[in-house]
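In case you want the letters, here they are:
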Amino acid sequence: MTGDEQLHCGFAALVGRPNVGKSTLLNALLGRKVSIVSPKPQTTRNRIHGVMTRPGMQIVFVDLPGIHAKQPRAINRYMNRTALASLADSDVNLFLIEALRWTEEDERALARLVEAGRPILLIINKVDRARPKERLLPFIAEITQKAAFGEVVPLSALKRSNLEKLPDIIAQYLPESPLLFPADQVTDVSDPFMAAEIVREKLTRRLQDELPYGLVVEVEGIGEAEDEPGKLVVQAVIWVERTGQKAIVIGKGGELLKEIGTAARLDLKRHFGKPVHLELWVKVREGWLDDENALRKFGFET
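Residues numbered from 1 in each chain as written. Predicted model: local features only at pLDDT ≥ 70, side-chain atom pairs only at ≥ 80, totals over all residues. Heavy atoms only, no water.

> Is there a simple way to explain the sheet that holds strand S8 (residues 232–240) in this structure?
As a general point, the strands of a sheet are linked pairwise by backbone hydrogen bonds and lie either parallel or antiparallel. Spatially, the three strands line up as an open sheet ordered S7-S8-S9, and their pairing is mixed. If you trace the sheet from one side to the other, it starts and ends with strand S7 (215–224) and strand S9 (276–284), each paired once. Going across the sheet, the axis of each strand differs from the next one's by a mean of 20 degrees, ignoring polarity. As defined by bridge partners, S7 adjoins S8 across nine bridges and the pair is classed as antiparallel. Pairing of Ile222 across the sheet is with Val234, part of S8. Where helix H6 (residues 191–206) meets the sheet, its contacts fall on S7, S8 and S9, and the angle it forms with S7 comes to roughly 135 degrees. (Pairing = 2+ DSSP bridges. Helix = DSSP H or I, 4+ residues; strand = E, 2+ residues; numbered from the N terminus. Axes fitted to C-alpha atoms, helices over the stretch in contact; angles between N-to-C directions. Contact = heavy atoms within 4.5 Å.)

Right, here's the structure in full:
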């Protein structure tokens, strides 16, 4: 980029109910994983920034926890606060919904977006799954009556279809500004955070029925192996709420923990581009989901 080039730079928040595809869309747009994905709602717990820099623009995508109605525990309230606080701070908000599906949580999320007073782009995800197809246009017509959307973009994040025009559309809503991040930076998340998230992704995918929410991963050490230059050593603790959950994570004879460790190690190797030695421990901290001090310890901004 030249110093004289006119740049449009700003923040675009990905907003919607849980499990609508926000993290999948972010990863597809950036061409790499910066936010973990699983079939379970509320997989994203923290605010994550993904940076796209192209000629004339820099979009800082903000992947937020899904906005949900029930807030029974401290971590649920944290996730809602994190999501809602970002809406008014963004230059444009991308409201993700699922094709042919509209729920009370969608309605609630849209109400919050309208209250925030920022431009809203309607992103209709999972159009590849819409059946019957002839219902799609009437559905879009109905939804667009609910608010003054700046644009409507049907797409499939998973199939990466109809994504190519989205950055240019978003850039129209961003202010003229110098770059907010270095041009070669893709995310602001730290290596320990990403390592912890990758391990948690494997846990969530493997234990989605037995233990969907009651665990968190804390990386206690990450660095080059002393005896093997070029190899990364990651030491992480999987925290659960109850002793019975510890047994579930470990599995019979330690087989489940070994399986999760192998899957996480392979993904860590892909992410960091070097061999990884992963050490995992499982520990119990009772009631951490309701403990503000524990949430802060685990990196949540309560």
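> What should I look at first to understand the pattern of salt bridges in this one?
Oppositely charged side chains can pair when the atoms bearing their charge come close. A complete count under the given rule lists 17 salt bridges for this structure. One salt bridge in this structure joins Glu98 and Arg17, with 3.1 Å as the shortest N-O distance. Placement of Glu98 in strand S4 (residues 92–98) and of Arg17 in the loop between strand S1 (8–15) and helix H1 (22–30) is noted, with a sequence separation of 81 residues between them. The residues Glu98 and Arg17 share a single accessibility class, namely buried. Notably, a salt bridge pairs Lys274 with Glu224, separated by 2.9 Å at the nearest N-O pair. On the criterion of sequence distance, the pair formed by Lys274 in the loop between helix H8 (255–272) and S9 and Glu224 in strand S7 is long-range, its members being 50 residues apart. One salt-bridge network, in which partners are shared between bridges, spans Arg17, Glu98, Arg101, Asp106 and Lys126. (Salt bridge = Lys/Arg side-chain N within 4 Å of Asp/Glu carboxyl O. Buried < 20%, exposed > 50% of the residue type's maximum accessible area, 1.4 Å probe, protein only.)

> Please clarify how the environment of His277 should be interpreted in this entry.
When you line up the elements, His277 lands in strand S9. In the structure, His277 is positioned 53 residues away from Glu224 in sequence and 9.7 Å away in space, judged by C-alpha atoms. Not counting chain neighbours up to four residues away, the residues in contact with His277 comprise Lys231, Leu232, Val233 and Val234. Within the structure, the side chain of His277 is placed 3.1 Å from the side chain of Glu279, a separation counted as a polar contact. (Polar contact = N/O pair within 3.5 Å; in protein donor to acceptor, adjacent residues only side chain to side chain.)

> So what exactly am I meant to see when it comes to the nonpolar core here?
A general feature of soluble globular proteins is that nonpolar side chains tend to end up buried together. Among the nonpolar cores identified, the biggest contains 29 residues, and Leu203, Ile238 and Val249 are the most heavily contacted of them. Listed by contribution, the elements that provide at least two residues to this core are H6, S7, S8, H8 and S9. The next biggest cluster of nonpolar side chains, apart from the first, holds 27 residues, and it includes Leu14, Leu30, Met52 and Leu166. (Core = buried A, V, L, I, M, F, W, Y, C linked by side-chain atoms within 4.5 Å.)

> It is not clear to me how the packing of H6 against H8 should be interpreted in this structure. Could you clarify?
Helices that pack against each other are described as a pair by the angle of their axes relative to one another and the distance between those axes. The interhelical angle for the contact between H6 and H8, taken along N-to-C directions, is 140 degrees, at an axis separation of 9 Å. Classed by the angle they form, the pair H6 and H8 counts as oblique. Seen from above, H6 lies across H8 with right-handed handedness. Contacts from Asp191, Met194, Ala195, Ile198, Val199, Glu201, Lys202, Leu203 and Arg206 of H6 reach H8 at Leu256, Glu259, Ile260, Ala263, Ala264, Asp267, Leu268, His271 and Phe272. (Parallel < 35°, antiparallel > 145°, perpendicular 65-115°, else oblique. Left-handed = near helix turned anticlockwise from the far one by under 90°.)

> Just checking my understanding: could you explain the packing of aromatic side chains for this structure?
Two numbers describe a pair of aromatic rings. These are the distance of the centres and the angle of the planes. Counting across every chain of the model gives two aromatic pairs. Pairing Phe95 with Trp102 gives two aromatic rings, centres 6.1 Å apart and planes at 90 degrees, and the pair type is edge-to-face. Residue Trp102 is classed as partly exposed on the basis of its relative accessible area, which comes to 23%. A network of ring pairs unites the aromatic residues Phe95, Trp102 and Phe149 as a single cluster. (Phe/Tyr/Trp six-rings, centres within 6.5 Å; stacked < 30°, edge-to-face > 60°.)

> I would appreciate a short explanation of helix H4 (residues 136–143) in the present structure.
Each α-helix winds once per 3.6 residues, and so residues spaced three or four apart point in a common direction. The set of residues buried in H4 consists of Leu136, Phe139, Ile140 and Ile143. Viewed along the axis of H4, the buried residues span an arc of 100 degrees, placing them on a single side of the element. (Arc of directions from axis to C-beta.)

> Just to check I follow, could you spell out the side chain of Thr187 for this structure?
For Thr187, the position within the fold is in the loop between helix H5 (166–171) and H6. On the basis of relative accessible area, Thr187 is assigned to the buried category, the value being 15%. Reaching out from Thr187, the side chain makes a polar contact with the backbone oxygen of His49 at a distance of 2.6 Å.

> For this particular structure, what's the right way to read the sheet that holds strand S3 (residues 57–63)?
The mixed open sheet is built from six strands, whose spatial order is S2-S3-S1-S4-S5-S6. On the outer flanks of this sheet lie strand S2 (48–54) and strand S6 (151–154), each paired with one strand and no other. On average, adjacent strands in this sheet sit at an angle of 25 degrees to one another, irrespective of strand direction. Pairing analysis gives seven bridges linking S2 to S3, with the strands arranged antiparallel. Bridge pairing links Ile48 to Asp63 in S3. Its contacts with the sheet put helix H3 (residues 104–116) on S1, S4 and strand S5 (120–125), and the angle it makes with S4 is roughly 170 degrees.

> Hey, could you run me through the packing of helix H7 (residues 243–250) against H8 in this one?
The contact between H7 and H8 brings their axes to 5 Å, and the two run at 60 degrees. Where H7 approaches H8, its residues Ile248, Val249 and Ile250 are matched on the opposing element by Glu255, Leu256 and Leu257. Partitioned by chemical class, the residues of the contact of H7 with H8 number five nonpolar, no polar and one charged. (Nonpolar A, V, L, I, M, F, W, Y, C, P; charged D, E, K, R; others polar.)

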